[in-house]
Amino acid sequence: MQDRAIQLTVEKTNTQIGKLNAAIEPFRQQIINHKVYPVIKGIRELHIFMQYHIYAVWDFMSLLKALQNNLTCTSVPWYPKGDAATRYLINEIVLGEESDTDLLGNRKSHFEMYLEAMQQCGAVTSPIEAFVRVLQETGDFSLAFKIAGTPAPARDFVDFTFKMIDSGQDYLQSAVFTFGREDLIPGMFMAIVNDLDKNCPDDISFFRYYLERHIEVDGGHHSQLALQMTASLCGNNEQYWKEATEAVVESLKKRIALWDGVYRQIMEERIAAV
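Residues numbered from 1 in each chain as written. Predicted model: local features only at pLDDT ≥ 70, side-chain atom pairs only at ≥ 80, totals over all residues. Heavy atoms only, no water.

Peer 1: Provide a residue-level description of the overall build of the protein chain, including the pertinent values.
Peer 2: The helix and strand inventory of the protein chain stands at 11 helices and 2 strands. The secondary structure elements of the protein chain, listed N-terminal to C-terminal, are α-α-α-β-β-α-α-α-α-α-α-α-α. For the protein chain, with 274 residues in total, the buried portion stands at 49%. A sequence separation of at least 24 residues applies to 74% of the contacts in the protein chain between residues at least 6 apart. Across the protein chain, the 26 positively charged side chains and the 36 negatively charged ones have centroids separated by 4 Å. (Helix = DSSP H or I, 4+ residues; strand = E, 2+ residues; numbered from the N terminus. Buried < 20%, exposed > 50% of the residue type's maximum accessible area, 1.4 Å probe, protein only. Contact = heavy atoms within 4.5 Å. Lys, Arg positive; Asp, Glu negative; His and termini not counted. Charge placed at Lys NZ, Arg CZ, Asp CG, Glu CD.)

Next up, the structure:
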């Protein structure tokens, strides 16, 4: 009887995951087939892309740490908190994201790896560095955005992520982390980066490694861990799955708007250069 009950629970969870995936698929396809990728023809276009995308890389780390804070004990004195299996899942993901190995074999977070990739290829890093510095000093997002000159689509993207963080709802945070984040890198974009790397390997090697590593880790092992985590947190609660689906759809819309912003800036610069 117990085995049957477990089987029914697994089947119900798989059904919920299937329904969520079906609901978000049109938005995932919009991202994977976005018009921004074909217009990235050279280093300048890549700079623009990275200067927007770095905000998504940063707030991905913030979302991850919010999950760790909610699902494990990160304060002193230490006490057992939550389910040990869920603690294991989130701690393993944090280990990889916060202290991975870069192209040269040094330990770095994925954010730091991305920042170094920007520096290598000549992308401007002062805005994101100013944003992080001001936010760390003041805790004031509006001031940090203003001083950094953060583009509106990037600001809206970060604002939504922190709306999820501030909600305190771990199942929403986990769903957005699992279904709406950094695994949405199409083969077309990898082909573009590989072509750029052939022409200027001293400029793109860090970024290509970052993407390859991200796909390997986040699109593979970590995605499975995150899926297990979301399934565990939502469980058999229909309302949780409904709210999770709505949150993921909104997060994907923010990603589409972020890519729209990159596309607009690239096209505006091209028109201005004529």
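Here the narrative resumes.
Peer 1: Lay out the pattern of salt bridges in plain terms, naming residues and giving numbers.
Peer 2: Counted under the stated rule, the structure contains 11 salt bridges. Ionic pairing is found between Glu25 and Arg28, a salt bridge with its closest N-O pair at 3.9 Å. Taken together, the positions of Glu25 and Arg28, both in helix H1 (residues 2-32) and 3 residues apart, correspond to about one turn of that helix. Between Arg213 and Asp100 there is a salt bridge, and its shortest N-O distance comes to 2.8 Å. With Arg213 in helix H10 (residues 201-234) and Asp100 in strand E1 (residues 100-101), the pair connects residues that are 113 residues apart, well separated along the chain. With a relative accessible area of 4%, Asp100 lands in the buried category. A single salt-bridge network, built from bridges that share partners, covers Asp102, Lys108 and Glu116. (Salt bridge = Lys/Arg side-chain N within 4 Å of Asp/Glu carboxyl O.)

Peer 1: Which residues make up the packing of helix H2 (residues 43-71) against helix H11 (residues 238-273), and what are the values?
Peer 2: Between H2 and H11, the least distance of the axes is 10 Å, while the angle of their chain directions is 155°. Overall, the two elements H2 and H11 adopt an arrangement that is roughly antiparallel. Read as a crossing pair, H2 and H11 show a hand that is right-handed. The residues of H11 that touch H2, namely those facing Arg44, Glu45, Ile48, Phe49, Tyr52, His53 and Ala56, are Arg255, Leu258, Trp259, Gly261, Val262, Gln265, Ile266, Glu269 and Arg270. Split into classes, the residues belonging to the contact of H2 with H11 amount to 8 nonpolar, 3 polar and 5 charged. (Axes fitted to C-alpha atoms, helices over the stretch in contact; angles between N-to-C directions. Parallel < 35°, antiparallel > 145°, perpendicular 65-115°, else oblique. Left-handed = near helix turned anticlockwise from the far one by under 90°. Nonpolar A, V, L, I, M, F, W, Y, C, P; charged D, E, K, R; others polar.)

Peer 1: Give me helix H7 (residues 152-167): which residues, what numbers.
Peer 2: Counted at 1.5 Å a residue, the expected span for H7 with its 16 residues is 22 Å, and the 22 Å between its end C-alpha atoms agrees. Within the span of H7, buried status applies to Pro153, Ala154, Phe157, Val158, Phe160, Thr161, Phe162, Met164 and Ile165. Against the buried residues of H7 lie H2, helix H6 (141-148), helix H8 (170-179) and H11. Phi turns positive, to about 70°, at Gly168, one or two residues after H7. (Expected span 1.5 Å × (residues − 1).)

Peer 1: I'd like a description of the side chain of His53, backed by residues and values.
Peer 2: Tracing the backbone shows His53 in helix H2. Of the residues examined, His53 reaches a relative accessible area of 4% and is grouped as buried. Within the local environment of His53, its side chain forms a polar contact with the side chain of Tyr114, the two groups lying 2.8 Å apart. (Polar contact = N/O pair within 3.5 Å; in protein donor to acceptor, adjacent residues only side chain to side chain.)

Peer 1: Can you explain helix H4 (residues 110-121)? Please cite residues and give values.
Peer 2: Owing to its 3.6 residues per turn, the α-helix brings residues three or four apart onto one side. Helix length check: H4 (12 residues) gives 17 Å between terminal C-alpha atoms against 16 Å at 1.5 Å per residue, within 8%. Of all the 12 residues making up H4, 9 are buried; the element is thus mostly covered by neighbouring parts of the structure. Of the residues making up H4, those classed as buried are His110, Phe111, Met113, Tyr114, Leu115, Ala117, Met118, Gln120 and Cys121. Just beyond H4, the residue with positive phi is Gly122, at close to 90°.

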